[in-house]
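In case you want the letters, here they are:
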Amino acid sequence: MTGKKLIISAVVLALVQIGFLSWIIAGRAAILRNGTEVLLKVEPVDPRDLLRGDYVRLGYEISTIPAKLVADLAPGQTTTPGGRMLVRLKKDVDGYWRPVSAFFGTPATVPGSDEADIAGTISGGWSLEADATLSPDYGIERFYLPEGEGRAIETDMRVRPFGVRVALAKDGTPQIKALVDGDKTLFEEPLY
C-alpha cells in the first residue's frame, strides 16, 4: 500500500470512530434532554471503585420485581439470558415512581399520563413461580461523584431518603439525570 493510500485509510477509520462515538454521546444526550423524567427512591450499596474513583452504587425499589407483577407471565416460564423486561412505573403521592406491572413482551396498553416504562435486562435460567422475584439490571446502578464525596453521601443516605432523577427514552432506556437529597439537587449529569 502506498503512503497516500495508507493516510487516506487512517483518516477514514478515524472519521468512522469519531462518528460512532458522537452517535453514542448524542443518543445519551437526547434521552437526557427529551426523555420522560421519573424520580426513583434509592439506597446505597457500595461507595468506591478503585479504578474509577468515588461512586454511589444504587439499589432501587424497582431493583426487585415480584413475578406476580409480570402481566404476560406464562405458566412454567423461565427467564432467558439477557432477556429484556419492561417495568411500568406509576407516580406515587410522595413524588417517587413505583412499579405497578412488568412485561417480558410488548405491553398491551401504553403508559398513562402518570406512568412510564423503564427497560432492564434479567439474567437467565430462573423459574418464574408466583412467589419468585426478578432483579432487572437497568444500567443505572452506579453514579460517579467527585473524589472524596462518596463516603459522605453514603452515610447521609443511611439517615434520610435520597432519590435519582432518571430520564426515560420512548423504548424505556434509562439515563441518570441527577442525584437528589430531598428537594436539593446534589449532582447533575451534563448533556455532553
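Right, let's walk through the structure included here.

### Regarding the pairing of strand 10 (residues 162-168)
Next, step 1: Burial analysis of strand 10 places seven of its seven residues in the buried class, the great majority of the element.
Next, step 2: Burial of the side chains of strand 10 extends over both faces: Phe-162, Val-164, Val-166 and Leu-168 are buried on one face and Gly-163, Arg-165 and Ala-167 on the other.
Next, step 3: One ladder, built from seven bridges, connects strand 10 with strand 11 (residues 174-181); its direction is antiparallel. The residue bridging Phe-162 from the neighbouring strand is Asp-181, located in strand 11.
Next, step 4: Remark: five residues form the turn of the hairpin made by strand 10 and strand 11, two consecutive strands paired antiparallel; Gly-172 in that turn has positive phi of roughly 95 degrees.

### With respect to the sheet that holds strand 7 (residues 115-122)
Next, step 1: Sheet architecture is open: three strands sit in the order 6-5-7, paired in antiparallel fashion. Strands at the two margins of the open sheet, each flanked by one partner only, are strand 6 (97-103) and strand 7. Strand-to-strand twist across the sheet, computed as the mean angle between neighbouring axes with direction ignored, equals 35 degrees.
Next, step 2: Direction of pairing for strand 5 (residues 83-91) relative to strand 7: antiparallel, over a ladder of eight bridges. Along strand 7, the bridge assignment pairs Lys-90 with Glu-115.

### Remarks on the nonpolar core
Next, step 1: Membership of the largest hydrophobic core comes to 35 residues, with the highest contact counts inside it found for Leu-40, Leu-58 and Tyr-60.
Next, step 2: Going through the elements one at a time, strand 1 (36-44), strand 3 (53-60), strand 5, strand 6, strand 7, helix 2 (150-157), strand 10 and strand 11 are the ones with two or more residues in this core.
Next, step 3: Here Tyr-60 is in contact with Leu-40, Lys-41, Val-42, Ile-140, Glu-141, Val-164 and Ile-176, once residues within four sequence places are set aside.

### A short note on the environment of Ala-108
Next, step 1: In this structure, Ala-108 sits in the loop between strand 6 and strand 7.
Next, step 2: When its relative accessible area of 82% is taken as the criterion, Ala-108 is described as exposed.
Next, step 3: Taking the C-alpha atoms as reference, Ala-108 lies 9.4 Å from Ala-71; in sequence the two are 37 residues apart.

### Observations concerning the environment of Leu-32
Next, step 1: With respect to the helices and strands, the residue Leu-32 is situated in helix 1 (residues 3-34).
Next, step 2: A residue is classified by how much of its surface remains accessible, and Leu-32, at 3% relative accessible area, is buried.
Next, step 3: With sequence-adjacent residues up to four places away left out, Leu-32 is seen in contact with Ala-167, Gln-175, Ile-176, Lys-177, Pro-190 and Leu-191.

Parameters at a glance
Residues numbered from 1 in each chain as written. Predicted model: local features only at pLDDT ≥ 70, side-chain atom pairs only at ≥ 80, totals over all residues. Heavy atoms only, no water. Buried < 20%, exposed > 50% of the residue type's maximum accessible area, 1.4 Å probe, protein only. Helix = DSSP H or I, 4+ residues; strand = E, 2+ residues; numbered from the N terminus. Pairing = 2+ DSSP bridges. Axes fitted to C-alpha atoms, helices over the stretch in contact; angles between N-to-C directions. Core = buried A, V, L, I, M, F, W, Y, C linked by side-chain atoms within 4.5 Å. Contact = heavy atoms within 4.5 Å.

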